[in-house]
Each structure stands twice: as C-alpha cells, then as structure tokens.
Amino acid sequence: MVVNKMAVLVVLSATTFSLSVCTELQAQDYCQSLTVQSINHGESNFVEFIGEDLPILTEKQVLYATKTGVEVGFGRKMSIDGSTLAVGSSYSQNDHRGFVDIFYLQNDQWQHIKTLKSPIEQPREYFRGVALDGDTLLVGAHGYCQSDPPEECQQGLVYIYDRNEGGPDNWGLVQQLDGGFKDASGFGLPLALSENTAAIMARREVVPGSENTGVVYIFEKDFFETGQWDLVKRLASSDGMNLQQGYSGDGLKIRGDVLLIYGQDQSGEVINEFSRNEGGNDNWGLAEQILFPATQLRASAYDGETLVVHTLDQCIPDEDQKHYLVFYNKDSKDGWIEQQKLEVDETLGSPAIEGRQVVVGSEDGIAGYLLQRESAADSWEFSHKLMASDPSLELYR
C-alpha cells in the first residue's frame, strides 16, 4: 500500500512538546530526501548506555502535511508557544514556494488553523525558518533574491505575521524585514523572537575590514506609536562576536534581555551572551562568554533560566569521542555556572527545554528522550523514552 501523507510531528501526552518524524513511502523514498536513512526499529542502544530501563511514552497524536504534493523539509523547523504551533516547510513541488502550517491545541487535540504561503513565488527561497511568540510569527526566507529574474544569490528576507491581522486568527502579513539585500548573506536563518524583540542572523554577510563573516540584526517593535519593527542594533565581529563556522542553524537564542549566539575564538567554540543594557540602555553589549575549548557545539536550548548544550569532545581519537548534555544556570554574581554534565549516546539530537523538562530527539530516528529535573537533588535525570507506535515513523529531531 502506498502511503499518501507525510507524517510530521509527534505530540506527546505527558506535556506539550513535539518531535519531527518521517514516514517511509513504498512508492517513493521520501525519507532519503530528508537525509533520514532506513533503520532497524529495535531497542535503542541508548537505554543500555545510561544503565537503566526507561518507561516508554508513545504519541497522543500525529500531525500530517496539509498541502498536497510532495513537501521537502516539512517539520524540520518548528516553533511552539502555549497552545499554538507553527511548522515550516521549505519547498513544495507544486508551486515552488515554501509554506508554514499553523495548529492550535483545542479540546486536547491539535487542529490545523491556517497554511501561510510565501508571498513571493520564487524557487529555492526556503520560506521555512519560524519563530513564534504570542501573537507574532516570524518566517525566514534566507534564500530570497531581489533580482528579476531571481538567482541563487541568497540575500534573504523575513516576513512578520500577526495573529489577528485581517481578522481573528487570520495570521496576516504586517511587515517584511531585510538585511540590506547583500548577496550570499543568508539573512533569515536562524532567527529568534522574544516578545517585542527579534534577532535575525545573516551568517555569511561580509564584514568590511574583518576576516570574519556574519552579522546579527536586532529589531524591536515600536509598540506604542507606529507598531512597526525597527532595526536597533547590528552585531558584528567588532562587537566581540565571531560566528561559528560550519554552524547548522541552531546558534541563536533570545529570552527577555539575554541573547545567546554561537561563536568561535582561538581556543575553540563559544557561546556569546549579549545583554540588552550592557554598556548602556538598549546597547546589546557583550556581557559574557561560555568557552568550549576543543569541543564541538552540536545543539542547544534555553528557556530564560537554564541553558542545555549538546557537545562533542574533540580532543580524543574519533572512535573515543564522547557526547554530553551540559546544563548551565546564570548566577547574578558569578555568571554562567555549569550545574551538571551527562555523558550521552552519540545518536542524541537537538534538545528543547521548558521549566523542569527537557525533550531531546535522535539522529538515528529510533527514539527521543525525556529528562526531568528532580527537585530534591536539583539534578536532571532521564525519565522516559519516546517512541512512535507505528514503526514506520522515525523520530529524528
């Protein structure tokens, strides 16, 4: 039997979070187009690795792509805020435009509300990066090109949608942001949003007078007067930021007055913390750096209180390299302090954190994992293994 739908997300019942999954199509190897390989759906080595048997959680609901045709990259970019979920997709074979599906949690079930299509019909625009907070949604199109006809110049563009623009829950377009349409800058990936502040990276933008590339633009909404989003700061190497080379799209986090950016220095990789009022009101100055000498940063998550980083130790032979989940908390006097370091299996993927729960996907597609912070010991422990009840669904994010 041919499977006609592409399964995208597994939303688990224990809490509100989601994981991307891939359905194997018998008539077309769609999984391969998502670089998800066929796997043996046996027991994960990770359970043995951490030395305990974990109870298994299976999905409460599976969400599917709502557009017809073959969708590439659907579910690889997601953003969730309360009872609203935005799922980005970079390409549709039917019309060569990206789209974003919006779902609401209603009566304990996720319901599809609207599909946003890229306003510009342009191949390889990559209308997929999403950042959601409250009634505001940012969608990044880092492949956008201003030329006519468009070329693969990747100047980039970011679209801003408001939940009630044009009517209740209409999610109408209110503004477009750009980084000056500089060729190959890739403005729009990644991007992050916290209330009325947006941070948008142009990872390959050339910085005059510097050997380093990469700029982060900070926009703020003029909430009381024009309602428009205005550029307030442009962070580059002169501000102490050297962007991480080979970065994969996860290196930008913002919550409140704190902005975290992946970077590099002479000793290795680093997470730069920029603070809104460091060096003056709304100055967004460099406040602190977390150093990772001889370590590769794989992915991270930040909820405004705890920072969790997936790292790879690179100072030992490849066959002995070790993966860790490292937890940090910010102390008002001593800065970022490492609270805990867990050695984990190499198949672990990207984490997401909210309060006392962390969910992390898997790079081999077999399973995800749930960690919980124990109040008594104030430590993080693996509590559940996350698996899809249908073995053709592969958890990979």
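Worth saying up front: this structure is predicted, and the values here are computed from it rather than measured.

Per the secondary structure count, the protein includes two helices and 31 strands. Looking at the protein residue by residue over its 397 residues, the buried ones come to 52%. For the protein, the computed accessible surface area is about 17800 Å², with 42% contributed by carbon and sulfur atoms.

A few words now on the nonpolar core. Across soluble globular proteins, nonpolar side chains show a tendency to be buried alongside one another. Counting 18 residues, the largest nonpolar core has Leu 325, Phe 327, Tyr 369, Leu 371 and Phe 382 as the members making the most contacts within it. For this core, the secondary-structure elements that each account for two or more residues are strand S25 (323–331), strand S26 (335–344), strand S27 (348–354), strand S28 (357–362), strand S29 (368–374) and strand S30 (379–386). Excluding anything up to four places from it in sequence, Leu 325 contacts Val 308, Val 309, His 310, Gln 340, Lys 341, Leu 342, Val 344, Leu 348, Leu 371 and Phe 382. Counting residues in hydrophobic clusters, the runner-up holds 17 residues, among them Leu 193, Ala 202, Tyr 217 and Ala 236.

Think of a sheet as strands paired side by side through backbone hydrogen bonds, with each pair either parallel or antiparallel. With respect to topology, four strands assemble into an open sheet ordered S15-S16-S17-S18, the strand pairing being antiparallel. Of all the strands in the sheet, just strand S15 (191–194) and strand S18 (229–235) have a single pairing partner and so form its edges. Within this sheet the neighbouring strands show an average axis-to-axis angle of 25°, counted without direction. Pairing of strand S16 (residues 197–206) with strand S17 (residues 213–221) involves seven bridges; the strand directions are antiparallel. In the strand pairing of S17, Val 206 is matched with Thr 213.

Here we take up the pattern of salt bridges. Across all of its chains, the model carries eleven salt bridges by this definition. Note that Arg 276 is salt-bridged to Asp 257, the shortest N-O span being 2.5 Å. In this pair, Arg 276 is assigned in the loop between strand S21 (268–275) and strand S22 (285–293) and Asp 257 in the loop between strand S19 (252–255) and strand S20 (258–265), connecting sequence segments 19 residues apart. Here the salt bridges do not stand alone but share partners, grouping Lys 182, Glu 205 and Arg 234 into one network.

We now examine the packing of aromatic side chains. All told, the structure shown has eight aromatic pairs when counted by the stated rule. Considering the side-chain rings of Phe 223 and Phe 224, the 5.6 Å spacing of their centres and the 85° angle between planes classify their relative orientation as edge-to-face. Judged by its relative accessible area of 51%, Phe 223 falls in the exposed class. Residue class for Phe 224 comes out exposed when judged on its relative accessible area of 78%. An angle of 90° between the planes, with centres 6.2 Å apart, marks the rings of Tyr 369 and Phe 382 as edge-to-face.

Reading the values: the criteria
Residues numbered from 1 in each chain as written. Predicted model: local features only at pLDDT ≥ 70, side-chain atom pairs only at ≥ 80, totals over all residues. Heavy atoms only, no water. Helix = DSSP H or I, 4+ residues; strand = E, 2+ residues; numbered from the N terminus. Buried < 20%, exposed > 50% of the residue type's maximum accessible area, 1.4 Å probe, protein only. Areas by Shrake-Rupley, 256 points an atom, 1.4 Å probe, with all protein chains shown as cover. Core = buried A, V, L, I, M, F, W, Y, C linked by side-chain atoms within 4.5 Å. Contact = heavy atoms within 4.5 Å. Pairing = 2+ DSSP bridges. Axes fitted to C-alpha atoms, helices over the stretch in contact; angles between N-to-C directions. Salt bridge = Lys/Arg side-chain N within 4 Å of Asp/Glu carboxyl O. Phe/Tyr/Trp six-rings, centres within 6.5 Å; stacked < 30°, edge-to-face > 60°.

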